[in-house]
Amino acid sequence: MTAASDPEIRALLSFLHGQRRHVLGILDGLDTDALREPVLPSGWNCLGLVQHLALDVERFWFRAVVNGEEDVIKSLGDGGDAWQVGPEVQAAEVLTRYRIEAELADGIVNATAAGASLAWWPHRLFGEPHLHTLRDVLLHVITETACHAGHLDAARELLDGRRWLVLS
């Protein structure tokens, strides 16, 4: 049975879609300067965080780890720090890349059995595997995306005072 027909995986994917919408929604209306503005002492900016989500989360976990795409695995050491977005890279490119990687990830999720073993594991980064199935990866990515959505909430409030879905 593929994940597309598994109610649990459909539910997990629905939660991930909600977090992805949050990431993009909290950034809606920010101009390029604001997207590139570091707001915390560590120096990261919103655009860098979205690029991290596109490359180090969506692409890495689904295309490399779950699907074993050789070109993605080979490119992992080539890209430098995904958190750094060069000045020549347009903000729209980064946001589009995130959307595309999310769509590619969804395709992989829907074509993979929920309990399928992972195609590749990054031993050099994480040692022995601590995630073993598509289900495990989905839970990991939901958690990481939600955590970073919270970071973006704080950054947005610091940038212009806007808050996401605050009930008063």
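Preceding this section is the structure that the text describes.
Residues numbered from 1 in each chain as written. Predicted model: local features only at pLDDT ≥ 70, side-chain atom pairs only at ≥ 80, totals over all residues. Heavy atoms only, no water.

S.K.: Give me helix H3 (residues 46-66): which residues, what numbers.
M.R.: If you look at H3, its biggest bend is around 50 degrees, right at Phe-60. Burial analysis of H3 places 20 of its 21 residues in the buried class, which makes it a mostly covered element. Put simply, Asn-45 is the residue that caps the front of H3, since its side-chain oxygen is 3.2 Å from the backbone nitrogen of Leu-47. After H3 finishes, the residue Gly-68 shows a positive phi value of roughly 65 degrees. (Bend = angle between axes of the 7 residues up to and from the residue. Helix = DSSP H or I, 4+ residues; strand = E, 2+ residues; numbered from the N terminus. Buried < 20%, exposed > 50% of the residue type's maximum accessible area, 1.4 Å probe, protein only. Polar contact = N/O pair within 3.5 Å; in protein donor to acceptor, adjacent residues only side chain to side chain.)

S.K.: Kindly report on the environment of Asn-45, identifying the contributing residues and their values.
M.R.: Topologically, Asn-45 is positioned in the loop between helix H2 (32-35) and H3. Its relative accessible area of 16% is what places Asn-45 among the buried residues. In contact with Asn-45, not counting residues within four places along its chain, are Leu-35, Arg-36, Glu-37 and Pro-38. In terms of polar contacts, Asn-45 uses its side chain to reach the backbone amide nitrogen of Gly-48, at 2.7 Å. (Contact = heavy atoms within 4.5 Å.)

S.K.: Which residues make up the nonpolar core, and what values go with them?
M.R.: By size, the foremost hydrophobic cluster in this structure holds 46 residues, and its most contacted members are Leu-27, Trp-61, Phe-62, Val-137, Leu-138 and Leu-152. Listed by contribution, the elements that provide at least two residues to this core are helix H1 (7-27), H2, H3, helix H5 (91-111) and helix H7 (134-160). Looking at this core, the element that brings in the most residues is H3, giving 13 residues. (Core = buried A, V, L, I, M, F, W, Y, C linked by side-chain atoms within 4.5 Å.)

S.K.: So, the side chain of Arg-59: which residues are in play, and what are the values?
M.R.: Tracing the backbone shows Arg-59 in helix H3. Within the buried set, Arg-59 has no salt-bridge partner at all; the shortest N-O distance to an opposite charge, 5.2 Å, is to Glu-101. Within the structure, Arg-59 has its side chain in polar contact with the side chain of Ser-75 (distance 3.5 Å). In contact with Arg-59, not counting residues within four places along its chain, are Ala-54, Ala-64, Val-72, Ser-75, Leu-76 and Glu-101. (Lys, Arg positive; Asp, Glu negative; His and termini not counted. Salt bridge = Lys/Arg side-chain N within 4 Å of Asp/Glu carboxyl O.)

S.K.: Give me the lowdown on the pattern of salt bridges, citing residues and values where you can.
M.R.: All told, the structure shown has 6 salt bridges when counted by the stated rule. For the salt bridge of Arg-20 with Asp-106, the shortest nitrogen-to-oxygen distance reads 2.7 Å. Within this pair, whereas Arg-20 is found in helix H1, its partner Asp-106 is found in helix H5, the two being separated by 86 residues in sequence. Across this residue pair, the class does not change: Arg-20 and Asp-106 are buried. Two residues, Asp-160 and Arg-156, come together in a salt bridge whose shortest N-O distance is 3.0 Å. Residue Asp-160 and its partner Arg-156 are located together in helix H7, separated by 4 residues, close to a single helical turn. Residue Arg-156 is classed as buried on the basis of its relative accessible area of 4%. Through salt bridges that share partners, Arg-20, Glu-58 and Asp-106 make up one connected network.

Geometric descriptors of this kind do not, in isolation, establish any biological role.
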